[in-house]
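# Fold and contact review
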Amino acid sequence: RDLLETLRLNLVALDKLFEVKGQKLDENSVEMSKQYFDNIFRDTAFCTKAQVMQARVNQMQRDWPEVIRYTNEVLKYRRSHKESLMMRADAHYQEGMLDACKQTIAQIFRTFPEDKEAGDLYKLVKKVGKLKAKADKLAQENKLRQSLAEYKKLAELEDLNNREIETSTIRILCTSYHQVEKWSSAVEWCSKGLSMIGEDDVALLAARAESYLRLDQLDEAENEARRILNIQQNNQKAHSIIQQVQKMRKMASRKNYYKILEVPKEAEEADIKKAYKKLARKWHPDKNPTNREEAEKMFQDVAEAYEVLTDPEKKQLYDLGEDPNDPNARARSNFGFQHGGGFGGGQQFHFHQNPFQGGGGRQHFHFQYG
């Protein structure tokens with residue numbers, strides 16, 4: 001009787017705690033609940049109500065493996081316990097275990113065929129799974145742009161409600177847009193990743209720092225590099241970015257070929273050619289008899305800019321602050337243009353993380369672009 005009374009009192013205390021705090025227990029309430037759970041599980045081998053309540057607390061703390069563990073204990077003896085099944089299905093989804101989630105939902109439907117909550121979760125899991133499968137398939141087929149577009153759709157799903165999938169997908173978008181030299185998109189996705197994952201993620205900081213550098217946002221690039229050095233004092237990438245910033249500041253007075261051709265730094269070769277033809281016609285000396293001297297200078301600058309920005313090696317040297325016409329610049333920069341430079345040379349890009357494995361395992365996607 002004393003044992004049953006102790007069990008009853010602890011369960012009543014837990015009920016009261018949930019009644020007062022609702023579905024969001026603060027740190028003190030969680031600690032208080034631990035005492036009640038310890039008392040219950042010390043005195044009894046199994047208590048459905050306590051197991052379910054413990055799973056609720058774990059769910060609030062986003063401790064998905066523990067949610068699965070406690071709901072499994074309940075379902076050993078009560079296979080159709082609705083709340084435990086829904087919590088386990090949600091935990092499977094949050095862990096990226098989409099097939100296991102659908103299996104648990106199917107178990108719910110066997111007893112509750114019209115359950116709306118289970119139906120809504122099934123539709124979401126099906127939608128996320130479809131996007132995931134499509135993105136993975138495109139990645140495996142080396143279709144880079146299409147794959148990134150699908151990962152972007154996945155990250156931007158309004159009802160995704162899955163932090164692990166969202167942050168992992170954003171990480172892929174950050175590092176991959178950086179790899180393919182889409183600098184503005186890289187900054188956008190790296191910033192989203194840092195706000196979600198934490199401002200001390202060195203990989204995201206490095207990708208954003210170099211993207212800032214390539215966008216000529218030198219102050220931002222240097223600030224990011226110094227933040228990296230505060231985390232990793234000997235990070236060579238950060239030291240290199242600071243050196244490049246200093247070099248580019250010294251060369252600030254040089255001609256800005258992108259500005260001359262009126263194209264963004266991320267412009268494709270076709271856009272550069274189009275801009276060149278337009279400006280060459282505009283500034284041709286024969287078409288500017290009243291300001292021939294200015295036209296000759298502009299015509300020469302346009303031709304010079306076109307020559308550099310359509311030559312992959314010269315363009316890369318120019319983007320790094322080197323003199324593209326300096327024969328020693330290539331050796332100093334240690335570029336090694338074995339890939340042919342730019343996108344047109346058949347450059348390979350590698351994705352090394354599968355966002356749907358919850359941190360476990362590694363999946364390699366190899367893209368051939370161009």
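All of these numbers come straight from a predicted model, not from anything done at the bench. (Residues numbered from 1 in each chain as written. Predicted model: local features only at pLDDT ≥ 70, side-chain atom pairs only at ≥ 80, totals over all residues. Heavy atoms only, no water.)

### Quick word on unusual backbone geometry
For the record, the criterion: Starting at the N terminus, helices and strands are each numbered in turn, a helix being any DSSP run of H or I of at least four residues and a strand any DSSP run of E of at least two.
One non-glycine residue, asparagine 161, lies in the positive phi region at around 50 degrees. Despite not being glycine, glutamate 181 has its phi angle at roughly 65 degrees, a positive value. Relative to the helices and strands, glutamate 181 is located in the loop between helix 9 (163-179) and helix 10 (183-197).

### Let's talk about the state of the cysteines
Counted only if it meets this: Defined by distance alone, a disulfide is two cysteine sulfur atoms within 2.5 Å.
Inspection of every chain in the model, using the stated rule, returns one disulfide. With its sulfur 1.9 Å from that of its partner, cysteine 174 forms a disulfide with cysteine 190. Measuring handedness by torsion sign, the sulfur bridge of cysteine 174 and cysteine 190 sits at about 80 degrees and is right-handed. One end of the pair, cysteine 174, is in helix 9; the other, cysteine 190, is in helix 10, and 16 residues separate them in sequence.

### Structural notes on helix 3 (residues 48-60)
Side chains that are three or four residues apart share a direction in an α-helix, a result of its 3.6 residues per turn. How we decide: What a helix is expected to span follows from its residue count: subtract one and scale by 1.5 Å. Categorising residues by exposure relies on relative accessible area from a 1.4 Å probe, with only protein chains included: less than 20% of the type maximum marks a residue as buried, more than 50% marks it as exposed, and the intermediate range marks it as partly exposed.
Over its 13 residues, helix 3 runs 19 Å from end to end, which matches the ideal 18 Å to within 8%, given 1.5 Å per residue. Within helix 3, burial applies to Thr48, Ala50, Gln51, Val52, Met53, Gln54, Ala55, Val57 and Asn58. Positive backbone phi, approximately 60 degrees, marks arginine 62, located one or two places after helix 3.

### Side note on the nonpolar core
For clarity, the cut-off: In plain words, nonpolar cores are sets of buried Ala, Val, Leu, Ile, Met, Phe, Trp, Tyr and Cys residues tied together by side-chain atoms within 4.5 Å. Throughout, a residue-residue contact means that at least one pair of heavy atoms, one from each residue, lies within 4.5 Å.
Leu173 and Trp189 are the most contacted members of the largest nonpolar core, which totals 36 residues. Looking at this core, the elements with two or more residues in it are helix 7 (116-140), helix 8 (144-155), helix 9, helix 10, helix 11 (202-214), helix 12 (218-231) and helix 13 (236-250). At eight residues, the largest contribution of residues to this core is made by helix 11. Non-local contacts of leucine 173, meaning those with residues more than four positions away in its chain, are made with Leu148, Tyr151, Lys152, Ala155 and Trp189.

### Description of the packing of helix 12 against helix 13
Selection criterion: Every angle, taken between N-to-C directions, lies between 0 and 180 degrees, and every axis is a line fitted to C-alpha atoms, over only the stretch in contact when it is a helix. Here the angle decides the label: under 35 degrees means roughly parallel, over 145 means roughly antiparallel, 65 to 115 means roughly perpendicular, and every other value means oblique. We call a crossing left-handed when the near helix sits turned anticlockwise from the far one by less than a right angle, and right-handed when that turn is clockwise. Ten residues, namely Ala, Val, Leu, Ile, Met, Phe, Trp, Tyr, Cys and Pro, are considered nonpolar, four, namely Asp, Glu, Lys and Arg, are considered charged, and the remaining ones, Gly among them, are considered polar.
It is the contact of helix 12 with helix 13, at a shortest axis distance of 8 Å, that shows an interaxial angle of 155 degrees. Relative to helix 13, helix 12 is oriented roughly antiparallel. Of the two elements, helix 12 crosses helix 13, and the hand of that crossing is left-handed. Residues Leu218, Asp219, Ala221, Glu222, Ala225, Arg226, Ile228 and Leu229 of helix 12 pack against Ala238, His239, Ile241, Ile242, Val245, Met248 and Arg249 of helix 13. Split by residue class, the contact of helix 12 with helix 13 holds ten nonpolar, one polar and four charged.

### Quick notes on helix 12
Here is the rule we go by: Starting at the helix axis, one direction is taken to each C-beta atom, and the arc is that of these directions.
Taking 1.5 Å of rise per residue, the 14 residues of helix 12 would be expected to cover 20 Å, and the 20 Å separating its terminal C-alpha atoms lies within 8% of that figure. All buried positions along helix 12 are accounted for by Leu218, Ala221, Glu222, Glu224, Ala225, Ile228 and Leu229. For helix 12, the angular spread of the buried residues around the axis is 160 degrees, confining them to a single face. On its buried face, helix 12 sits against helix 10, helix 11 and helix 13.

### Description of the side chain of asparagine 58
With respect to the helices and strands, the residue asparagine 58 is situated in helix 3. Contacts of asparagine 58, omitting those with residues within four sequence positions, involve Asp63, Glu66, Val67 and Tyr70.

### Here's the deal with the packing of helix 4 (residues 64-77) against helix 5 (residues 82-94)
Where helix 4 meets helix 5, the axes come as close as 9 Å, and the angle between the chain directions of the two elements is 150 degrees. On the basis of the axis angle, helix 4 is roughly antiparallel to helix 5. In the packing of helix 4 onto helix 5, the handedness of the crossing is left-handed. Contacts from Trp64, Val67, Ile68, Thr71, Asn72, Val74 and Leu75 of helix 4 reach helix 5 at Ser84, Leu85, Met87, Arg88, Asp90, Ala91, His92 and Gln94. Tallied by class, the residues present in the contact of helix 4 with helix 5 amount to eight nonpolar, five polar and two charged.

### Quick word on the pattern of salt bridges
Operational definition: Only one rule defines a salt bridge in this text: a Lys or Arg side-chain nitrogen within 4 Å of an Asp or Glu carboxyl oxygen.
Across all of its chains, the model carries 34 salt bridges by this definition. Here glutamate 83 makes a salt bridge to arginine 56, at a shortest N to O gap of 2.7 Å. Of this pair, glutamate 83 sits in helix 5 while arginine 56 sits in helix 3, placing them 27 residues apart in sequence. What makes glutamate 83 partly exposed here is its relative accessible area of 29%. Put simply, arginine 249 and aspartate 219 hold a salt bridge, and the shortest N to O gap is 2.6 Å. Here the residue arginine 249 occupies a position in helix 13, and aspartate 219 occupies one in helix 12, the gap between them amounting to 30 residues. Each of Glu199, Arg208, Glu224 and Arg227 takes part in salt bridges that share partners, so that together they form one network.

### Here we look at the packing of aromatic side chains
Our working definition: Aromatic rings from Phe, Tyr and Trp, with only the six-membered ring used for Trp, were paired whenever their centres fell within 6.5 Å, and each pair was classed as stacked if the ring planes differed by under 30 degrees, edge-to-face if by over 60, and tilted otherwise.
Under the defined criterion, the tally for this structure stands at six aromatic pairs. Arranged with centres 6.5 Å apart and planes meeting at 65 degrees, the rings of phenylalanine 109 and tyrosine 122 form a pair that is edge-to-face. Remark: tyrosine 122 occurs in helix 7 and phenylalanine 109 occurs in helix 6 (residues 98-111); sequence separation between them is 13 residues. Overall, the relative accessible area of 32% leaves tyrosine 122 in the partly exposed class. Ring centres of tyrosine 276 and tyrosine 306 lie 4.1 Å apart, and the angle between their planes is 20 degrees; on these two criteria the pair is classed as stacked. Within this pair, whereas tyrosine 276 is found in helix 15 (residues 269-283), its partner tyrosine 306 is found in helix 16 (residues 292-309), the two being separated by 30 residues in sequence. Residue classification places tyrosine 306 among the partly exposed positions, given a relative accessible area of 23%.

Just geometry here; none of it tells us what the structure is for.
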